[in-house]
Amino acid sequence: MSIPNHILEQLNSQADLISIIGRHTTLKRAGSEFKGCCPFHGEKSPSFYVNPQKNIYHCFGCSVGGNAISFLRDYENLTFIEAVNELSKQTGIEVPKEEQQNVSYQRTKKPPAIKPTTRAPAEAVKFQPTADEQLPSSIAPDYQQKNYADQPTYNDSNSYEDSYDGYPPLDAYDSAPYPTDSYPTDYQDTADNSAPPAWLTDTNVGAGLPSDNSVSDKDGNLYDLLEQIQQFYQHSLTTHPHAKHYFLSRGITEDIFETFGLGYAPFGWQHLEHQFPQDIEGLKALGLVRQSESGRDYDLLRDRVIFPIRDNQGRTIGFGGRALDDEVKPKYINSSDSPVFHKQHVLYGYYESRQQRADSWLVVEGYMDVIALYQAGIYGAIASMGTAINESQISRLLTLNPTLTLSFDGDSAGQKAAWRTLEVALPVLADDKELRFLTLPNNHDPDTFIKSQGGDAMREQIKNAMPLSQYIFAYLSERYDLTLVEGKAKLMSQVRSLTMALPKGSSFRYLLNNDIYQKLGGKRSQNIEAKDALLDFDGDMTISQQLQLCFLFQPRALLEDPIESIWQQAGISDLQLPAHIKQKAASDTLRPLAWEDLQDTDLLDIVSTIKRCLKHLPTDANAAAHFILSNVQPMTQETLSRSWGGFYKTLTARNILSLDELVENLVMQLLKLHLQKKMQELIKNPDHIKLAIVRKQSQLLNDWLRAQQAEQSAQMVTVQS
C-alpha cells in the first residue's frame, strides 16, 4: 500500500496533537506553545514542548521530537498504518487505497495544437459563452456553489496564555535534530518538479509556447503546477488594470496583494491551456480545466479576481474566484476538490494568521472579510471553503485559544449558518471553552464595518461579542411565542436537546438549562421543583420506585448510563490502590458497578427494557411510558401502572421539563446504600482486600457528592443574584 506524502502531511497538519499527547502528560499553555513533563523520560522540571502552529513536539531534555504520526508510533507503539488510520478517523481525511489519486501526473512532450483565442479588451467586464460551450448540467451545481458558508471569525485583545517567559522561540524547532517528514520509504510517494512555464523565464510576456526541446520528460507535480498557476494569476493582475482597480476600490493595499497572493484569471476560455500546454492532465486533475457537453475544454475561472487557497504549510492548493460584476452569477466559484484540495479540511486565512502568531480566532463568511481584518491588524480571522466549518476544525481552534468567536451576517441565511456552527461545536465545548457570537450593526460585515468605522471599532465589537447562553435564548425567543406556555415548553425542549450534545460531565449543561428556565419566568431550579413534585406525589415511595418513575418520564436519561457516568466522574474507574492490594484483588472486584449488582429486580427490568426500546419510543412522554410498561414483566407493570398517571400529572402541572439532576441524585443515593450494605457484609464475613477496595470506592463517591452539592449551591447563588 502506497500512501502519498501529501496525505501524510495533511494528516499531521490537521491532527489535534495537543489532545493526543495530552492523554499521556499534562500540557499547559506557555506563550504560543504548550509545555509539560516529557512522556518519554522521567523528569521533574518540564522541558517538553508542543508547537500547535507547526503541529510538532520536541523535548529539550532527551531530544525526542516529531509529529502526530511519530508520536503514535514511538509512544503508543502503533504501527505506521495504525497511526495513519487513527489520524484519518480523527481528522476525517480519507487515506486513498491502492492506485488511487496522487499528486503526480503525466506531462505531454509535444504541446497540443490549440487555436489561440483573441483576448478581450481590458475594459470589458462580461464574456458570454457560445451556444455549444454552455456548461453541462452535470457541472452546474458545483459551478454554481457559493463561497458562502458557515465560517467563523475571532479576534480579541484579551490573552489566554499563562505568564511564562522561558518558552523556546519558534526558531528552536527548526534546528531540532529530528526530521518532521520522515516516513518509511515503502509509503513514500515521490514526484519530480515540473519545468516552469514560459512566462516565468521569458521577459517577453505572452511570447510563444516552449519548444519541444525545452519540455521535461519528468512527471508533473500538482503542488508545483498550482504554484506556477498562482504566479501566473498574480502576474495577470499587474497587466489588467480593471482587475487591479477592483481590489484598490475595495480598500486593499498593494502590500496585501503579495501577502495573500491575489491575482486575476484573464478572459478567454482556454488561457490556462495556452499557458501550460504540457500540463493539461494536471489542470484537469485540479478541476481548473473542464469539458463541455460538446467535448471542448474550457477554463473554470475566467475574468475573475483570484484568491489563492493555502494549506497549513503555505502551499497553494486551490483558488477562489470572484466575478468583477455583481450581476454575474455565481458571484464566487471555488476550485473543486482534488488530490491536494479538500474543502472540508481547509480554512482560508489560517496560514497567514499563523505567520502573524495569531492568538485569538474569528470565523467570518468571506475572503474579503479575512483580508480586511488582516489589513486592519486584526489577525486570526478565517473562513471556510463554501462548506460548514466542522467539529475537528473548531476543536483545533479552541485548542489554540479557549474562546472562539463566530461572525455571521444578520440576515436569515447568516443566522442559520451561525446556528449550524453552534450545533457542530457543542460536542467539543468543554467547560473551559467558550463560544461567542458577533452580529455587526446595520447589516455590516467585517469588511464594510472596518471601512466605515475603523479597526478599533471592530476590535471593540469583537470584545463585546455575545456569549453562547445569551445567543441561544435570543435566537430561539424570536422563533417561539413566549407569551404562551406552549411556546416556552417548545423553547426549553430545544434547549434540552442542545445541551445533550455537550461533553459528558459538562457543568454548562445544568447552568444553561437553569439559566434559560429562569429567563422564562421560573423561580426555582428544575431539580428542586422535581424533588418537591415527587414528595407531594407520594412521600412513602422508595428511592428505587422514585427512580423507576423518573426513567418512565424521561427515558433519554439512560442514553448515557448514570451509574457509569457517576463512576467515572467520581474517579472510581481510575481507582489508585497500593500495589499489594491490587495484586491480591480479584479481577471482578475492580470492575465498574452495574445495574445487576444492585439486586433490584424491578429497577433492572425497567432499565433493561428502556435500553432495549430506546430507539423505538414515541416522542410524547406519556405514550413512551405506556410503550415501556407494555414491555416489562407483569409484576413490574402492575406496580408502576398504579403510580404513573398521578406522577405524570403532578410533573406536567408544575411545568417540569427535565429530571436530569433528580435522576443523578437518586442514582447516587442507591450507590451509597449499596456500598454501605456491601461494607457491612464484608465486616461480618471478613475479606480485607475487598473491604479496602469498597471503602476507597465509598470515600471517592462521598467526596465527589460533597463537591457536587457545593457546586450546585454556588450555582444557585449565582442564578439568584
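Owing to the predicted nature of the structure, the values given are computational and were not obtained by experimental measurement.

Peer 1: For the sheet that holds strand β12 (residues 304-310), give the residues involved together with the corresponding values.
Peer 2: To summarise the sheet geometry, strands pair through backbone hydrogen bonds and adopt either a parallel or an antiparallel arrangement. Overall, antiparallel pairing links the 4 strands, which are arranged β9-β12-β13-β14 in an open sheet. Strand pairing shows two members of the sheet lacking a second neighbour, β9 (263-265) and β14 (332-334), which therefore form its edges. Between one strand and the next, the sheet's axes are offset by a mean angle of 35 degrees, whatever the strand orientation. Relative to strand β13 (residues 316-323), β12 runs antiparallel, the two sharing 7 bridges. Within the sheet, the bridge partner assigned to P308 lies in β13 and is F319. Sitting on the sheet, helix α14 (residues 367-375) is in contact with β12, β13 and β14, with an inclination near 75 degrees to β12.

Peer 1: Any details on the packing of helix α23 (residues 543-553) against helix α29 (residues 660-684)? Residues and values, ideally.
Peer 2: Remark: α23 packs on α29, axes separated minimally by 10 Å, with the N-to-C direction vectors making an angle of 150 degrees. Between α23 and α29 lies a crossing of left-handed hand. Contact residues: α23 offers I543, S544, Q546, L547, C550 and F551, while α29 offers L662, V663, L666, V667, Q669, L670 and L673. Tallied by class, residues from the contact of α23 with α29 come to 10 nonpolar, 3 polar and no charged.

Peer 1: Break down the environment of I317 for me, citing the residues and quoting the values.
Peer 2: Tracing the chain through its elements places I317 in strand β13. Residues I317 and D337, spaced 20 residues apart in sequence, show a C-alpha to C-alpha distance of 9.6 Å. The contacts of I317, once residues within four sequence positions are left out, are Y223, L226, I309, R310, D311, S338, V340, F341 and V346.

Peer 1: Talk me through the pairing of strand β18 (residues 403-407); I want residue IDs and the actual numbers.
Peer 2: The buried count for β18 comes to 5 of 5 residues, which makes it a mostly enclosed element. Bridge count between β18 and strand β19 (residues 434-438): 5 bridges; the pairing is parallel. Across the sheet, the residue bridging to L406 is F437, located in β19.

Peer 1: Give me the packing of aromatic side chains: which residues, what numbers.
Peer 2: Going through the model one piece at a time under the given rule, you end up with 31 aromatic pairs. Note on F247 and F257: the rings are 5.7 Å apart at their centroids and 55 degrees apart in plane angle, and the pair reads as tilted. Linking F247 in helix α9 (residues 241-249) with F257 in helix α10 (residues 254-260), this pair joins segments that are 10 residues apart in sequence. Note on F247: relative accessible area 0%, which makes it buried. Residue classification places F257 among the buried residues on the basis of a relative accessible area of 8%. Each residue in the set Y246, F247, F257, F260, F307, Y332, Y348, Y367, Y374 and Y379 is aromatic and connected to the rest through ring pairs, giving one cluster.

Peer 1: Help me get a handle on the pattern of salt bridges, residues and values and all.
Peer 2: Under the criterion given, the structure shown has 16 salt bridges. Here R556 makes a salt bridge to D660, at a shortest N to O gap of 3.5 Å. With a gap of 104 residues between them, R556 in the loop between α23 and α24 (562-569) and D660 in helix α29 connect regions that are remote in the sequence. The exposure class assigned to R556 is partly exposed, which follows from its relative accessible area of 22%.

Peer 1: Go over unusual backbone geometry with me, naming the residues and quoting the values.
Peer 2: Note the cis peptide between K329 and P330, where omega equals -5 degrees. Counting through the fold element by element, P330 comes out in the loop between β13 and β14. A positive phi is found at N55, a non-glycine position, where the angle reads about 60 degrees. Structurally, the position occupied by N55 is in the loop between β3 (48-51) and β4 (56-59). Of note, Q599 is a non-glycine position whose phi angle comes to about 55 degrees, a positive value. Locating Q599 in the fold gives a position in the loop between α25 (579-584) and α26 (601-613). Residue classification places Q599 among the exposed positions, given a relative accessible area of 68%.

What counts and how
Residues numbered from 1 in each chain as written. Predicted model: local features only at pLDDT ≥ 70, side-chain atom pairs only at ≥ 80, totals over all residues. Heavy atoms only, no water. Pairing = 2+ DSSP bridges. Helix = DSSP H or I, 4+ residues; strand = E, 2+ residues; numbered from the N terminus. Axes fitted to C-alpha atoms, helices over the stretch in contact; angles between N-to-C directions. Contact = heavy atoms within 4.5 Å. Left-handed = near helix turned anticlockwise from the far one by under 90°. Nonpolar A, V, L, I, M, F, W, Y, C, P; charged D, E, K, R; others polar. Buried < 20%, exposed > 50% of the residue type's maximum accessible area, 1.4 Å probe, protein only. Phe/Tyr/Trp six-rings, centres within 6.5 Å; stacked < 30°, edge-to-face > 60°. Salt bridge = Lys/Arg side-chain N within 4 Å of Asp/Glu carboxyl O.

Remember, this is a structural readout, not a statement about activity or role.
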